[in-house]
Amino acid sequence: MTKSTQNFTVALVVVIALAAGAWFLMGNSSNGVAAMGDDTQVAKVNETVITRGDVKEVAKTVPAAAQVPIEQIYPMIVDQLINDALLQDRVDASGIATDPEVEQRLAEAREQIARSLYVERYLEEQMTEEALRAEYEQMKSDNANIKEVRARHILVETEDAANALIAQLDDGADFAELARENSTGPTASNGGDLGYFTKDAMVPEFSNVAFATEAGTYSEEPVKTQFGWHVIMVEDVRNRQVPTFEEMEPVLRQQMQQDVVNNLVENLRDGADIQRYDWDGKEVSTN
C-alpha cells in the first residue's frame, strides 16, 4: 500500500518541528520501529494490511521528515494510511473505478507520465560526463581573456569635493579612510571597495576610467556619472577567474538540461506541419 493524500503531506511538514523538539526532550533512542523489518504489520483495516514499509514510503514523500526519527511521525502516518484504506474500501464498493471519467483521467495521466519519462530518458542519453565537460571547456574558453579590475571609489556630490579628495590623496592620505569619511555611496563603510568587476558591470563613464587606470593608482581627475562625482582607485587587474568543473557542475547541468529540452522541441517543430488559427478559427500562420 503506497497511496497517501497531499493534504496529509502538507500537514506533516507543519508538525515535524514539534516532533523534533519532543524527540530531543524525551531522549529516546532509535529502537522500537527501527528495529523491525519492513514487512512488519503495523495495522490492519478490514482485509488491508499496512506494513512498516508503507510507513517509510509515505515518510519519503516529505523531505522535512528526514529531520526527525521516524518514530516521532509514525503514529500520524499510520492514522493517515488507515484513513486511506477505509476510503479505498468505500471506493472499491462504489464501483467508481469503472466510471468513464476515471478512465479519461487515467488516460490523461498516462500520457503526461509517458511524456515526462521520455524527456527524462532523453536527458539521460544527452547529459553525459563528456558533454558536461565539453560545456565547461567552452565556458573556460569564452571567459579566458575577459579582464576584471578590483577598485575602490569615493562618491561625492560635487566636482570641487572630488578635486579636494584627489588633493588629499596626492598628499598621501589613505584612500579607504577617505572613502569611509566622505563617500555618499553604499560602499563607504568598507572603504569604497567594489570588489572585482568586468567592464560591462558598471556604467560606461566609470568603467572607461577604471579600466584605463593602472593597478595601484587612482584617477587624476574626477569622474562624473549619473550618481555624482567619483574618485577611483584601481587595486588589481586580472583575467576573470573561472571556477573549477566541480564548482560549476550544478549550474552547467541545469543550463544544459534546459538547452537539451529546448533543442528537442525546436527539432520537433522543424519536422512538423503546424497550422495555427485565431480564436474564431481563421488561419493565422503555417508554422
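Residues numbered from 1 in each chain as written. Predicted model: local features only at pLDDT ≥ 70, side-chain atom pairs only at ≥ 80, totals over all residues. Heavy atoms only, no water.

Visitor: Looking at this structure, I do not really get the overall build of the protein chain. What am I missing?
Guide: When you go through the protein chain residue by residue, the secondary structure sums to nine helices and nine strands. When the 287 residues of the protein chain are sorted by exposure, 30% land in the buried category. Of the contacts formed within the protein chain by residues at least 6 apart in sequence, a portion of 64% connects residues at least 24 apart. Of the roughly 18,800 Å² of accessible surface on the protein chain, 50% is carried by carbon and sulfur atoms. (Helix = DSSP H or I, 4+ residues; strand = E, 2+ residues; numbered from the N terminus. Buried < 20%, exposed > 50% of the residue type's maximum accessible area, 1.4 Å probe, protein only. Contact = heavy atoms within 4.5 Å. Areas by Shrake-Rupley, 256 points an atom, 1.4 Å probe, with all protein chains shown as cover.)

Visitor: Any chance you could explain unusual backbone geometry here in plain terms?
Guide: Generally, phi is negative for residues other than glycine and the peptide bonds are trans, each holding for most cases. A positive phi angle is found at Asn46, which is not glycine, with a value near 55°. Mapped onto the fold, Asn46 is located in the loop between strand E1 (41-45) and strand E2 (48-51).

Visitor: I'm lost on the pattern of salt bridges in this one. Help?
Guide: This model, assessed by the stated rule, comprises 12 salt bridges. In this structure, Glu177 engages Arg180 in a salt bridge whose closest nitrogen and oxygen atoms are separated by 3.5 Å. You can see Glu177 and its partner Arg180 sitting in helix H7 (residues 175-182), three residues apart, about one turn around the helix. A relative accessible area of 36% places Glu177 in the partly exposed class. Given a relative accessible area of 43%, Arg180 falls into the partly exposed group. The closest approach of N and O atoms between Glu249 and Arg253, which form a salt bridge, is 2.9 Å. In this pair, Glu249 and Arg253 both sit in helix H9 (residues 245-270), four residues apart, roughly one turn of the helix. Linked by salt bridges that have partners in common, Arg150, Arg152, Asp193 and Glu235 make up one network. (Salt bridge = Lys/Arg side-chain N within 4 Å of Asp/Glu carboxyl O.)

Visitor: Would you mind showing me how to read the pairing of E1 here?
Guide: Here is the key point about a regular strand: its side chains alternate between the two faces of the sheet. The pairing of E1 with E2 spans four bridges and is classified as antiparallel. Of the residues in E2, the one forming a bridge with Val45 is Thr48. The antiparallel hairpin formed by E1 and E2 contains two residues in its connecting segment, where Asn46 sits at a positive phi of about 55°. (Pairing = 2+ DSSP bridges.)

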